[in-house]
Amino acid sequence: MHIVVPIKQVPETSNVQMDRETGTMIRIGSESIVNPLDLYALESALQIKDRIGATITAVTMGPPSSIKVLKEAIAMGCDAAVQLSDRKFGGADTWATSYTIASAIKRLFPVDLIIAGERATDGDTGQVGPGIASWLDMSVVSYVAHLGRITDKTIQVDRLIEEGYQKVEASLPAVLTVVKEVAIPRLPTLRGKKRAMAMDIPVWGVDDLEVNMEFIGLKGSPTKVVKIATPTVTRSCTVVRAEDDQSVREAVDKLLAYLGEQDLLRKGM
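Rules of the game
- What you see as residue numbers is a count from 1 along each chain, following the sequence as written.
- With pLDDT at 70 or above as the cut-off, local features in this predicted model cover only qualifying residues; side-chain atom pairs require 80 or more to be listed or tallied, and sums for whole chains, interfaces and linings still use all residues.
- To obtain the side-chain values, all non-hydrogen atoms of the structure were included, while hydrogens and water were left out.
- Strands are runs of DSSP state E lasting at least 2 residues, helices are runs of H or I lasting at least 4, and numbering of each runs from the N terminus.
- Residues adjacent in sequence count toward polar contacts only when both atoms are side-chain atoms; beyond that, a polar contact is any pair of N or O atoms within 3.5 Å, and within protein one must be able to donate a hydrogen and the other to accept it.
- When checking whether two residues touch, look at their non-hydrogen atoms; a contact exists if any pair is within 4.5 Å.
- Relative accessibility decides the category of a residue: with a 1.4 Å probe and only protein chains considered, values under 20% of the type maximum give buried, values over 50% give exposed, and everything between is partly exposed.
- Following DSSP output, two strands are said to pair if at least two bridges run between them.
- Only the stretch in contact is used when fitting a helix axis, every axis being a line fitted to C-alpha atoms; angles between N-to-C directions are given from 0 to 180 degrees.
- Any pair of Phe, Tyr and Trp rings, taking the six-membered ring for Trp, is counted once the centres come within 6.5 Å. Such a pair is stacked with planes under 30 degrees apart, edge-to-face with planes over 60 apart, and tilted for the rest.
- In our convention, an over-ring charge means Lys NZ or Arg CZ found within 6 Å of a ring centre and within 35 degrees of that ring's normal.
- What is meant by a nonpolar core is a set of buried Ala, Val, Leu, Ile, Met, Phe, Trp, Tyr and Cys residues, joined one to another through side-chain atoms within 4.5 Å.

Within the element layout of this structure, serine 66 appears in the loop between strand 4 (55–61) and helix 2 (67–76). A distance of 2.8 Å separates a polar atom in the side chain of serine 66 from a polar atom in the side chain of glutamine 83. Dropping the residues within four chain positions of it, serine 66 is found in contact with Gln9, Thr60 and Gln83.

Here it is as structure tokens:
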């Protein structure tokens, strides 16, 4: 069985910067990590490998620095990795991103299973996994919370839904997007880290893929960010520190006065 796991390098949530002219995220020069939900996808693939045997290939699209997340995937136990890095890929929305990744996965065929995180923390759309399935004409099962029986032709899973869980059996090849409940990601081993350091990971650009140039990068993205604004907090508040008996009485008096001004006190109190 050949499993492909698309992973993404994302900036830490406290370190997100946007280009106001293009409406795209600035990735170069920012401290980045593996998209947290992609770790659950990696662990799911590794558990299948442990159960029935499989070859796992991690794929990422990003600037040269994104090689870091592939090294981490190898250290966790993936067998191979491919980096998609070309300036022409830059600024892609979810439609163009899924097209580019799907084009790369075609080079890796035959592929039995593609496992992706349910969403990325930087975009939070949840669209790339299903998009890949669409481009590759594969069935897709989203919000997977548990992996069940797996054969050469089918996979059974439990989907997380509002009412609980939904049991689904999908024919292979298929795309799964997983939620946190599916597994607990393992830590990279020392042997894995040594292997990752020694591995030469191929880098594919536009010339290495059979792509329609009108479907890639910023120019090939049908959605555009037309305006970026920082929200302003209009609420005002008064902080009262109740540290002793006197300040507690003052705090209560101020609270009662405020509630009275807002007409929130019942008559007769």
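Examined against the element boundaries, glutamine 246 turns out to sit in helix 6 (residues 245–261). Under the relative-accessibility criterion, glutamine 246 is labelled partly exposed at 42%. One polar contact links glutamine 246 to arginine 249, side chain to side chain, over a distance of 3.1 Å.

Here the focus is the sheet that holds strand 11 (residues 203–204). In spatial order, the strands read 9-8-7-10-6-1-4-5-11; together these 9 strands make up an open sheet with mixed pairing. A strand with exactly one partner marks an edge of an open sheet, and here the two such strands are strand 9 (164–171) and strand 11. When strand 7 (residues 139–150) meets strand 8 (residues 154–161), the two strands line up antiparallel, connected through 4 bridges. Bridging across to strand 8, leucine 147 finds its partner in valine 157. Relative to the sheet, helix 1 (residues 36–52) contacts strand 1 (2–6), strand 4, strand 6 (113–117), strand 7 and strand 10 (174–178), its axis offset from that of strand 6 by approximately 145 degrees. Across the sheet, helix 4 (residues 128–136) touches strand 1, strand 6, strand 7 and strand 10, and the angle it forms with strand 10 is around 175 degrees.

Most peptide bonds take the trans form, and the phi angle of most residues other than glycine is negative. Cis geometry is adopted by the peptide bond preceding proline 110, which originates at phenylalanine 109 and carries an omega value of 5 degrees. Within the secondary structure, proline 110 sits in the loop between helix 3 (94–107) and strand 6. Along the chain, leucine 172 connects to proline 173 via a cis peptide bond; the corresponding omega equals 5 degrees. By secondary structure assignment, the location of proline 173 is in the loop between strand 9 and strand 10. Positive phi, normally seen in glycine, also occurs at aspartate 137, with a value near 60 degrees. With respect to the helices and strands, aspartate 137 occurs in the loop between helix 4 and strand 7. For aspartate 137, a relative accessible area of 73% puts it in the exposed group.

This part is about the packing of aromatic side chains. Throughout the structure, instances matching the rule amount to 5 aromatic pairs. Ring centres of tyrosine 99 and phenylalanine 215 lie 5.2 Å apart, and the angle between their planes is 85 degrees; this geometry places the pair in the edge-to-face category. Linking tyrosine 99 in helix 3 with phenylalanine 215 in the loop between strand 11 and helix 6, this pair joins segments that are 116 residues apart in sequence. Owing to a relative accessible area of 10%, tyrosine 99 belongs among the buried residues under this scheme. Members of the aromatic cluster, connected to one another through ring pairs, are Trp95, Tyr99, Trp135 and Phe215. It is arginine 107 that lies over the ring of tryptophan 204; its NZ or CZ is 4.0 Å from the centre.

The residue lysine 88 is located in the loop between strand 5 (80–84) and helix 3 in this model. In the structure, lysine 88 is positioned 33 residues away from threonine 121 in sequence and 23 Å away in space, judged by C-alpha atoms. In this structure, lysine 88 is in contact with Val206, Met213, Ile216 and Gly217, ignoring residues within four places of it in sequence.

Looking now at the nonpolar core. Core analysis: the largest hydrophobic core is formed by 39 residues, its most contacted members being Ile3, Leu113, Ile115, Ile155 and Leu176. Of all the secondary structure elements, the ones that give two or more residues to this core are strand 1, helix 1, strand 4, helix 2, strand 6, strand 7, strand 8 and strand 10. In terms of residue count, the dominant contributor to this core is helix 1 (7 residues). Contacts of leucine 113, omitting those with residues within four sequence positions, involve His2, Ile3, Val4, Ile48, Ile155, Leu172, Ala174 and Leu176. By size, the runner-up hydrophobic cluster in this structure holds 24 residues, among which are Val82, Ile105, Val206 and Ile216.

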